[in-house]
Amino acid sequence: MKVLVPVKRVIDYNVKIRVKADETGVETANVKMSMNPFDEISVEEAVRLQEAGTATEIVTVSVGPQQCQETIRTALAMGADRGILIQTDDEVQPLAVAKLLKAVVDKEKPELVILGKQAIDDDCNQTGQMLAALLGWSQATFASKLEINGEFANVTREIDGGLETVKVTMPCIVTTDLRLNEPRYASLPNIMKAKKKPIDQMTPADLGVDIAPRLTTLKVVEPQKREAGVRVENIEQLVDKLKNEAKVI
Amino acid sequence: MSILVVAEHDNTAIKATTLNTIAAAGAIGGDIHVLVAGENCSTAGEAAAKIDGVAKVLLADSAEYAHGIAENLTPLILSLAEGYNHLLASATSFGKNLMPRIAAMLDVQPISDITGITSADTFDRPTYAGNAITTVQSSDAKKVITVRGTAFDPVAAEGGCAAVENIGAQGDSALTSYIRSEISELERPELTSARIIISGGRGMQSGDNFPMLEKVADLLGAAVGASRAAVDAGFVPNDYQVGQTGKIVAPELYIAVGISGAIQHLAGMKDSKVIVAINKDEEAPIFQVADYGLVADLFQAVPELEDALRD
Ligand SMILES: Cc1cc2nc3c(=O)[nH]c(=O)nc-3n(C[C@H](O)[C@H](O)[C@H](O)COP(=O)(O)OP(=O)(O)OC[C@H]3O[C@@H](n4cnc5c(N)ncnc54)[C@H](O)[C@@H]3O)c2cc1C
Ligand SMILES: Nc1ncnc2c1ncn2[C@@H]1O[C@H](COP(=O)(O)O)[C@@H](O)[C@H]1O
């Protein structure tokens, strides 16, 4: 079984982002970039499937600027076999990403695509579901457990009320949630090996996909700032403040 | 111009967050129709008809809609889509799973988690864990939207008298079937609608210590939440998680106990009206957003809080 793992290059989750003064976006110059954390979980799951003998090949794909090569290399160092970079400097919104991924699926014919549930920059939580729709495949979103049995997979999903298990028909789309696994760190030898793994490069035009954005960003602003309040000395003072000052209890 | 709101329900009652989503629909403007799709869900349909501001309820009662499976609901909603300019659902695990699938079939770029409405095509949404608020304008013919409940005051659950229209089912996609669920038993209010929340983090050390928070919660009529670290460590189930990738809450009072205040946690609770932090590290970032901060060992402070509330 071939597995496709889309990985997005995003501002590292530890960075405190800064909104640009002209309200056009977020400062990205000289900011640390990493693989979207949910996508690390996707790569890890694919590698575990390969270690278990279920997956035969792992192809990783990223859409974005040339620097996405680094993100792809990280996935290759974790254990993916080869990479595809769909190179563009333009903004690519999730619908367009889903269309590009569909074109890759049509060519590569994987039986499983594992995406992150959410990119931590746009916080959209859309791409996997849209790819599933375009392919007419089943979608097991927010997965915390994945068991593949031939033509079906049992997937446990993290939902608002707790956990839900569904049986999906293969091929399928899985999107990963935090508890699916703990991603490994790539070892030095594997990082070296990854440098020799092939990365194919193409453009959205090569795939015949129109990526024109449907949403125009009119402005980007900081949220309202919350002022730090006061320190209380003890519980007695806290309860008094909550009762008599904030009047919330 | 009409708006379709996909209701969330348990076949009997409509979930509270749907009332917030209907409020957002009201702010966009137009006739509001509510879709109730489920199995044996006529009671939920009647409840939807009573919601203030709803013009019509569409009831799809059939086995394939029993578990809210997106693969089955999508053809149903697509069969209705022609009559609507806006399709809305709550930004819950149900709505987030469903709406992008519908949008892709309509060739529409969906708009997730809106917190503000400028006009029928222009919306605010938080990005980067709520550290940037982005205003976007959609050029798509239809808008497919999920709504962040905390940003819109709910409409009244009573007062309306909409007509209920039965609509035909579209069949089972045969792609996905429901096996089972483990739903946490709710002994307390739901996190997303609770007036008060007390949350525990890694500082709690073990799930065995959460009853300490539960006792306080019961005295306050509060819900109990947690940080990701507490969920990852297995102290509490996943549905307790508050944050960027968990639940977004904005209660009147949020008490964070043994939580450091990482960006991803703050993203889920910083719109609370009053925030209390109890943490033994006076440098913990949670204090930067807390209205009242207590630097203390939680194992001493929480039982003291319980005693003080009993008096
Ligand atoms: C992709 C991604 C998504 C994420 N999503 C979320 C999310 O949705 N929600 C979320 O919460 N996190 C999320 N996180 C994790 C987040 O980055 C933090 O790791 C997490 O919030 C830390 O949890 P914590 O504050 O409980 O633990 P810690 O950061 O370890 O803090 C524990 C705190 O407890 C205090 N403490 C310890 N003992 C005591 C004591 N006896 N008395 C008083 N205080 C004590 C310590 O001083 C410390 O401040 C996400 C991370 C990533 C990468
Ligand atoms: N530019 C991209 N390149 C590769 N994968 C992407 C890209 N954008 C989104 N994805 C995938 O889609 C998931 C969800 O992203 P989003 O819908 O933007 O929240 C991510 O975790 C990735 O797996």
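Below is a short write-up of the structure. On a predicted model such as this, the values are computed, not experimentally measured, just so you know.

About the criteria used
Residues numbered from 1 in each chain as written. Chains lettered and ligands numbered in written order. Predicted model: local features only at pLDDT ≥ 70, side-chain atom pairs only at ≥ 80, totals over all residues. Heavy atoms only, no water. Buried < 20%, exposed > 50% of the residue type's maximum accessible area, 1.4 Å probe, protein only. Helix = DSSP H or I, 4+ residues; strand = E, 2+ residues; numbered from the N terminus. Arc of directions from axis to C-beta. Contact = heavy atoms within 4.5 Å. Phe/Tyr/Trp six-rings, centres within 6.5 Å; stacked < 30°, edge-to-face > 60°. Lys NZ or Arg CZ within 6 Å of the ring centre and 35° of its normal. Pairing = 2+ DSSP bridges. Axes fitted to C-alpha atoms, helices over the stretch in contact; angles between N-to-C directions. Near = heavy atom within 4 Å. Polar contact = N/O pair within 3.5 Å; in protein donor to acceptor, adjacent residues only side chain to side chain. Areas by Shrake-Rupley, 256 points an atom, 1.4 Å probe, with all protein chains shown as cover. Nonpolar A, V, L, I, M, F, W, Y, C, P; charged D, E, K, R; others polar.

Quick notes on helix α5 (residues 210-220) of chain B
All names here are of chain B.
Thinking step 1. Listing the buried residues of α5 in full gives Phe210, Met212, Leu213, Val216, Ala217 and Leu220. End-on view of α5: buried residues confined to an arc of 150°, all on one side of the axis.
Thinking step 2. In this structure, the buried residues of α5 make contact with β12 (196-200), β13 (223-226), α6 (228-232), β14 (253-257) and α8 (298-310).
Thinking step 3. Taken from the residues just after α5, Gly221 is the one with a positive phi, measuring 65°.

Some remarks on the packing of aromatic side chains
Thinking step 1. Considering all chains together, one arrives at 1 aromatic pair over all chains under this definition.
Thinking step 2. Between Lys117 of chain A and the ring centre of Phe142 of chain A, over which it is positioned, the NZ or CZ distance is 5.8 Å.
Thinking step 3. Note that Arg231 of chain A overlies the ring of Phe287 of chain B, its terminal NZ or CZ placed 4.2 Å from the centroid.

Observations concerning the sheet that holds strand β1 (residues 2-6) of chain A
Thinking step 1. Strands sit in the order β11(A)-β5(A)-β4(A)-β1(A)-β6(A)-β10(A)-β7(A)-β8(A)-β9(A)-β11(B) across an open sheet of 10 strands; the sheet is mixed. Across the chains shown, the open sheet's two edge strands, defined by having one partner strand only, are β11 (199-202) of chain A together with β11 (176-183) of chain B. Averaged over all pairs of adjacent strands, the angle between strand axes in this sheet comes to 30°, irrespective of strand direction.
Thinking step 2. Two strands pair when backbone bridges link them, and strand β9 (residues 162-169) of chain A and β11 of chain B are joined in this way by 7 bridges, in the antiparallel orientation. The residue of β11 of chain B that forms the bridge with Val168 of chain A is Thr176 of chain B.

Considering the site of ligand 1
Thinking step 1. Around ligand 1, the structure places 29 residues, and the nearest of them are Arg202, Ser227, Gln241, Ser260 and Asn279 of chain B.
Thinking step 2. Near ligand 1, the surrounding residues are drawn from chains A and B.
Thinking step 3. Between ligand 1 and Gln241 of chain B, the relevant distance is 2.7 Å, taken from an oxygen atom to a side-chain nitrogen or oxygen of the residue.
Thinking step 4. The backbone of Gly246 of chain B places a nitrogen or oxygen atom 3.4 Å from an oxygen atom of ligand 1.
Thinking step 5. Coverage of ligand 1 by the protein amounts to 86% of the 990 Å² it exposes when considered alone.
Thinking step 6. Of all the secondary structure elements, the ones that give two or more residues to the shell around ligand 1 are α1 (37-51) of chain A together with α6, α7 (263-269) and α8 of chain B.
Thinking step 7. Class assignment of the residues belonging to the shell around ligand 1 gives a composition of 11 nonpolar, 13 polar and 5 charged.

These figures capture arrangement, not role.
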